[in-house]
Amino acid sequence: MKKLTIFLLAALVMLAGCSTPSGSDTPGDATATPSASAAAIHVYTRDATSGTREAFEKAGDFAEQLTSSAIEVSSNGDMATKVGADANGIGYVSLSTDFAANGVKPLSFEGVEPSEATVLDGSYGMQRPFMFTTRAAGDYESTEKEELIAAFLDFMQNSTEGMLVVEKAGGVVDKTKGTAWAELAAKHPIVNQDNSSISIATSGSTSVEKTLKAALEAFQPMAGNFQFTMNQTGSGDGYKRVLGSEKDGANRADIGFASRAFKSGDEDTSAAMASGQYCIDAVVTIVNQANTSVSDLTQQQVHDIFTGTTTSWEEVK
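The structure reproduced in this document is the subject of the present report. Quick caveat: nothing in here was measured; it's all calculated off a predicted structure. (Residues numbered from 1 in each chain as written. Predicted model: local features only at pLDDT ≥ 70, side-chain atom pairs only at ≥ 80, totals over all residues. Heavy atoms only, no water.)

A closer look at the overall build of the protein chain
Right, on to step 1. A count of helices and strands for the protein chain gives 11 helices and 11 strands.
Right, on to step 2. Counting every atom, the protein chain has about 14400 Å² of accessible surface; 52% of that belongs to carbon and sulfur. (Helix = DSSP H or I, 4+ residues; strand = E, 2+ residues; numbered from the N terminus. Areas by Shrake-Rupley, 256 points an atom, 1.4 Å probe, with all protein chains shown as cover.)

Examining the nonpolar core
Soluble globular proteins tend to pack their nonpolar side chains together in the buried interior.
Right, on to step 1. Residues Ile 90 and Phe 306 are the most contacted members of the largest nonpolar core, which totals 38 residues.
Right, on to step 2. Those elements that place two or more of their residues in this core are β1 (42-45), α2 (51-60), α3 (76-84), β3 (89-94), β10 (275-288) and α11 (299-307).
Right, on to step 3. In terms of residues, this core owes the most to one element, β10, which gives 5 residues.
Right, on to step 4. With residues near it in sequence (within four places) discarded, Phe 306 still touches Val 43, Tyr 44, Phe 56, Phe 62, Gln 65, Leu 66, Thr 67, Ile 90, Gly 91 and Tyr 92.
Right, on to step 5. Among the nonpolar cores identified, the runner-up in size contains 32 residues, and Phe 132, Ile 200, Ala 215 and Phe 219 belong to it. (Core = buried A, V, L, I, M, F, W, Y, C linked by side-chain atoms within 4.5 Å. Buried < 20%, exposed > 50% of the residue type's maximum accessible area, 1.4 Å probe, protein only. Contact = heavy atoms within 4.5 Å.)

Some thoughts on the pattern of salt bridges
Right, on to step 1. Across all of its chains, the model carries 16 salt bridges by this definition.
Right, on to step 2. Salt-bridge contacts for Asp 237 lead to Arg 241; the nearest nitrogen and oxygen are separated by 3.4 Å. Of the two residues, Asp 237 and Arg 241, both sit in the buried class.
Right, on to step 3. Among the ionic pairs, Asp 248 bridges to Arg 252, the shortest N-O distance being 3.8 Å.
Right, on to step 4. Residue Asp 248 is classed as exposed on the basis of its relative accessible area, which comes to 52%.
Right, on to step 5. Since its relative accessible area comes to 32%, Arg 252 is described here as partly exposed.
Right, on to step 6. Look at the salt bridges and you will find they share partners, linking Arg 135, Asp 139, Lys 247, Asp 248 and Arg 252 into a network. (Salt bridge = Lys/Arg side-chain N within 4 Å of Asp/Glu carboxyl O.)

What to know about the packing of aromatic side chains
Right, on to step 1. Within this structure, the stated rule accounts for 13 aromatic pairs.
Right, on to step 2. In this structure an aromatic cluster arises from ring pairing among Phe 152, Phe 155, Trp 181, Phe 219 and Phe 226. (Phe/Tyr/Trp six-rings, centres within 6.5 Å; stacked < 30°, edge-to-face > 60°.)

Section: helix α7 (residues 160-168)
Right, on to step 1. Within α7 the residues assigned to the buried category are Gly 162, Met 163, Val 166 and Glu 167. Mapping the buried residues of α7 onto a view down its axis gives an arc of 135 degrees, with all of them on the same face.
Right, on to step 2. Its buried side turned inward, α7 meets α5 (116-120), α6 (143-158), α9 (209-219) and β10.
Right, on to step 3. Downstream of α7 by one or two residues, Gly 170 has phi in the positive range, about 115 degrees. (Arc of directions from axis to C-beta.)

A short note on the packing of α2 against α11
Right, on to step 1. Interaxial distance between α2 and α11 falls to 8 Å at its minimum, and their mutual angle equals 120 degrees. Residue-level inspection shows Phe 56, Ala 59 and Gly 60 of α2 in contact with α11, the latter providing Gln 299, Val 302, His 303 and Phe 306.
Right, on to step 2. When the residues that make up the contact of α2 with α11 are grouped by side-chain class, the tally is 4 nonpolar, 3 polar and no charged. (Axes fitted to C-alpha atoms, helices over the stretch in contact; angles between N-to-C directions. Nonpolar A, V, L, I, M, F, W, Y, C, P; charged D, E, K, R; others polar.)

A closer look at the pairing of strand β6 (residues 127-134)
Right, on to step 1. The buried count for β6 comes to 6 of 8 residues, which makes it a mostly enclosed element.
Right, on to step 2. Where β6 lies against strand β9 (residues 255-258), 4 bridges are found, and the strand directions are antiparallel. If you follow Thr 133 over to β9, its bridge partner there is Gly 256. (Pairing = 2+ DSSP bridges.)

The structure is reproduced here in structure tokens:
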């Protein structure tokens, strides 16, 4: 019996020694508690053509200095999902993201909370435009389709009703500049006919998805029940698929979107039937909702975390 007792005690000691520490350094471990240990920070980023990444790196003053250990994700939604599954993760998303649903916590920047009010008054420093551009005038399957697209863009960009829809979906707009749709619609008789045989194709930024889809769905019954398809894969594809190298390919689109300004020279929109900005968005730094280490970051802290100078949550003061 004495030998058996000693054996059992030894086994218990061995099992205790093999238990998992509370602060895991493994990406995707949502059980880690970064505030309770010197857990390594897991940096998440978007691809190099992302408008969200461009705006974030500019605000954090670390363009072309991103740490080589950063984990690249494919879209705004993918970023929220990945950080929401990693208690040691940090990344950045659009203000229109549903933070609670994804299990992430938005952080203030330089002491200012991200909100519609702080974006409009300019006090929140991480913001960028939601831009659109179209195919060239006459480069559509039909005149009716071209006229319908012009009407939709007028609705989304300039009408009070369109602005309210975009705002409800998370975009920031100045409603004082809106015009009643009834007044604008008079310029677009195409909306008064059956347009169910027309399908509008969109491409580009993933960050615009919520605001764009909301605007398209609101406009459908007001404009003859047209159809639409959205193929949002990133800002880099917005221009390519309407005016650039892929405009006549399998992924061709009618309207391209970017969550940044189109680049002069590389993305010349002068030939477009229409182009412009339809709302403002904020880029928001996010951490896992279980992270109690931080609620606000300065520009210097963002810079140090995303360049790899600061590598553990214990260092974030």
